[in-house]
Amino acid sequence: MSAEQEEAPAGLARLWRLPVPASGLGRPAALDTERVVRTGVELADRDGLAGATLPKIAKELGVSPMSLYRHVGSKDELLVLMRDLALGSPPEVETAPDRWREGLRQWTVAQRLVHHDRPWLPRLPLAGPPMGPHEIAWMEAGLSALSGTELDWAAKVGSLTLLSGYVRHASLLSQEHAQGRSETGLSQEETERAYGRTLARLITPDRFPQVALLFSSGLFEAAPDGAYDDPATDHDFVFGLERVLDGIAVAVDRARAGAGPGPGDGGGLERDGAGGR
């Protein structure tokens, strides 16, 4: 074990699955951190975040809740461990200098799919910047996509933070819309059609001229059935993603021209992180 590993706090050591000194609480435990955390992720996948408490994990494993504290320091630490494991490995992304946009698009869409498959993931509280090995791997992939640009480090990190924040917002918004439709039995496409037809009867051009034009345009009738089934090709998500990438492109072009960063082009490791959380 390196000196750095020996000095790592217990929580960070567990996050990176480094050896943790024995607690002296008796004979070696049959469990380990990986099994506890993986069970928590499986319960969250099955029952939502409320189903992944320490008592419920202990019951699933057939042990006492107190025995889990050998491997998970607290409820908050459990969520940090679950977030990193659930995120998984990032995709391979384009890294050619002239393909940075495609690389970031691949990176962002992959995050959106992870959040779709694990809807509890964007609902986790954010305790700080990326710390775990999977989060750092996502950061590495995002930075690799930008490696051929002239952006400085602050702008690169700011770009990843912006994109991961957009994914989180889009994922939560999609969930809220789905919850709102849950009692109607209608699909997203059917909901939009009903919305358009209902409001078209109430909106008058003299009071809301632009909105009246919108509702008479046929926009809400346009989406074919199944248009929202794939979150990676959802029109609203793709439209927003491309506008974010347009903004990053401005910063890339400015850096290439040697103009330096514009107002707000820099960035930091915000709580939403550059690791795709």
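Residues numbered from 1 in each chain as written. Predicted model: local features only at pLDDT ≥ 70, side-chain atom pairs only at ≥ 80, totals over all residues. Heavy atoms only, no water.

1. Regarding the packing of helix α8 (residues 153-181) against helix α11 (residues 235-256)
- Their axes nearest at 11 Å, the elements α8 and α11 cross at an angle of 165 degrees. By the angle between their directions, the pair α8 and α11 is classed as roughly antiparallel. Both α8 and α11 take part in a crossing whose hand is right-handed. Residue-level inspection shows Ser159, Leu162, Leu163, Tyr166, Val167 and Ala170 of α8 in contact with α11, the latter providing Asp236, Phe237, Gly240, Leu241, Val244, Leu245 and Ile248. (Axes fitted to C-alpha atoms, helices over the stretch in contact; angles between N-to-C directions. Helix = DSSP H or I, 4+ residues; strand = E, 2+ residues; numbered from the N terminus. Parallel < 35°, antiparallel > 145°, perpendicular 65-115°, else oblique. Left-handed = near helix turned anticlockwise from the far one by under 90°. Contact = heavy atoms within 4.5 Å.)

2. Topic: the nonpolar core
- Residues Leu68, Met82, Trp100, Leu104, Trp120, Leu163 and Ile248 are the most contacted members of the largest nonpolar core, which totals 54 residues.
- When sequence neighbours within four positions are dropped, the list of residues in contact with Leu163 reads Leu104, Trp107, Thr108, Leu241, Val244, Leu245 and Ile248. (Core = buried A, V, L, I, M, F, W, Y, C linked by side-chain atoms within 4.5 Å. Buried < 20%, exposed > 50% of the residue type's maximum accessible area, 1.4 Å probe, protein only.)

3. Quick notes on helix α6 (residues 100-117)
- Compared with the 26 Å implied by 1.5 Å per residue over 18 residues, the 26 Å span of α6 between its first and last C-alpha is a close match.
- Listing the buried residues of α6 in full gives Trp100, Gly103, Leu104, Trp107, Thr108, Val109, Ala110, Gln111, Arg112, Val114 and His115.
- Where the residues of α6 are buried, they touch α5 (75-87), α7 (133-145), α8 and α11. (Expected span 1.5 Å × (residues − 1).)

4. Concerning the pattern of salt bridges
- Counting across every chain of the model gives 15 salt bridges.
- Its salt-bridge partner being Glu94, residue Arg99 comes within 3.4 Å of it at the nearest N-O pair.
- Judged by its relative accessible area of 26%, Glu94 falls in the partly exposed class.
- Among the ionic pairs, Arg256 bridges to Asp253, the shortest N-O distance being 2.9 Å. With Arg256 and Asp253 both in helix α11 and three residues apart, this pair spans about one turn of that helix. (Salt bridge = Lys/Arg side-chain N within 4 Å of Asp/Glu carboxyl O.)

5. Quick word on the packing of helix α3 (residues 33-47) against helix α4 (residues 54-61)
- Running from N to C, α3 and α4 cross one another at 105 degrees; their axes reach a closest spacing of 10 Å. One finds that α3 runs roughly perpendicular with respect to α4. For the pair formed by α3 and α4, the contact residues are Arg35, Val36, Thr39, Gly40, Leu43 and Arg46 on the first element and Lys56, Ile57, Glu60 and Leu61 on the second.
- For the contact of α3 with α4, the residue count by class is four nonpolar, two polar and four charged. (Nonpolar A, V, L, I, M, F, W, Y, C, P; charged D, E, K, R; others polar.)

6. As for the packing of aromatic side chains
- Under the definition given, this model contains five aromatic pairs.
- With centroids separated by 5.4 Å and ring planes inclined at 15 degrees, the aromatic side chains of Tyr166 and Phe237 adopt a geometry described as stacked. Taken together, the residues Tyr166 in helix α8 and Phe237 in helix α11 connect sequence positions 71 residues apart.
- Using a relative accessible area of 3% as the deciding quantity, one classes Phe237 as buried.
- Here the aromatic residues Tyr195, Phe215 and Phe220 are joined through ring pairs into a cluster of three or more.
- Sitting over the ring of Phe237, Arg112 keeps its end group 5.8 Å from the ring centre.
- The ring of Trp153 has Lys156 lying over it, and the distance from NZ or CZ to the ring centre is 4.5 Å. (Phe/Tyr/Trp six-rings, centres within 6.5 Å; stacked < 30°, edge-to-face > 60°. Lys NZ or Arg CZ within 6 Å of the ring centre and 35° of its normal.)

7. Quick look at α4
- The set of residues buried in α4 consists of Leu54, Ile57, Ala58 and Leu61. Seen along its axis, α4 keeps its buried residues to an arc of 100 degrees; they face one direction.
- Looking at the packing, one finds that the buried side of α4 touches α3 and α5.
- Note on α4: the residue one or two positions beyond its end, Gly62, has a positive phi of about 75 degrees. (Arc of directions from axis to C-beta.)

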